[in-house]
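# Examination of the molecular architecture
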Amino acid sequence: QVRLVESGGGLVPPGGSLRLSCVFSGDIDSINAISWYRQAPGRQREVVAGIGHDGSTSYARSVQGRFTISRDNAENTVHLQMNSLKPEDTAVYYCKADSYIVATMRDVEYWGQGTQVTVSS
């Protein structure tokens, strides 16, 4: 089992910044990658950014150049630095861990509870 707890959401004006954190615990050796997703009202959940076990990163085109994902292994935390925020970035942001369970030879996804980000003047 892997547990994920997000924090750092809030209300910010357009052009502002926020830093989200995702603290992970449990069977962390099984984690291959951690990603940030978001879901706006009435829309499907979409991937925002991801970071692999080797530190490789990827971003959705809509946030490229504005968001940065990073991993602090000492603190078991993945951060999402969000700059130049736009109203369309408003959503609930979720952290997801992709794990491989050797005993069952299965891939498993774990999700956090989400944190609300609202970009508005």
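Quick notes on the rules
- Residues numbered from 1 in each chain as written.
- Predicted model: local features only at pLDDT ≥ 70, side-chain atom pairs only at ≥ 80, totals over all residues.
- Heavy atoms only, no water.
- Phe/Tyr/Trp six-rings, centres within 6.5 Å; stacked < 30°, edge-to-face > 60°.
- Helix = DSSP H or I, 4+ residues; strand = E, 2+ residues; numbered from the N terminus.
- Buried < 20%, exposed > 50% of the residue type's maximum accessible area, 1.4 Å probe, protein only.
- Lys NZ or Arg CZ within 6 Å of the ring centre and 35° of its normal.
- Core = buried A, V, L, I, M, F, W, Y, C linked by side-chain atoms within 4.5 Å.
- Contact = heavy atoms within 4.5 Å.

Next up on the list: the packing of aromatic side chains. Within a pair of aromatic rings, the relevant descriptors are the distance that separates the centres and the angle that separates the planes. As enumerated under the stated definition, the model contains two aromatic pairs in all. Both rings, one in Tyr37 and one in Trp111, keep their centres 5.0 Å apart while their planes meet at 65°; by these two values the pair is edge-to-face. Of the two residues, Tyr37 is situated in strand β4 (residues 31–39) and Trp111 in strand β10 (residues 106–111); the sequence distance between them amounts to 74 residues. Judged by relative accessible area, Tyr37 falls into the buried class, the value being 17%. Overall, Trp111 belongs to the partly exposed group, its relative accessible area being 33%. Judged by centre distance (6.4 Å) and plane angle (80°), the ring pair of Tyr94 and Trp111 falls under edge-to-face. You can see Tyr94 sitting in strand β9 (residues 91–101) and its partner Trp111 sitting in strand β10, a full 17 residues away along the chain. For Tyr94, a relative accessible area of 14% puts it in the buried group. Positioned above the aromatic ring of Tyr94 is the side chain of Arg45, whose terminal nitrogen or guanidinium carbon lies 3.8 Å from the ring centre. Taking NZ or CZ as reference, Arg45 lies 4.7 Å from the ring centre of Trp111, over its face.

Okay, the nonpolar core next. In this structure, Trp36, Leu80, Met82 and Tyr93 are the most contacted members of the largest nonpolar core, which totals 30 residues. Among the elements of the structure, β1 (2–7), β3 (18–26), β4, β5 (46–52), β7 (67–72), β8 (77–82), β9 and β11 (115–119) are those that each provide at least two residues to this core. At five residues, β9 tops the list of elements feeding residues into this core. Contacts of Tyr93, omitting those with residues within four sequence positions, involve Glu6, Leu20, Trp36, Tyr37, Arg38, Val48, Phe67, Leu80, Met82, Gly114, Thr115 and Val117.

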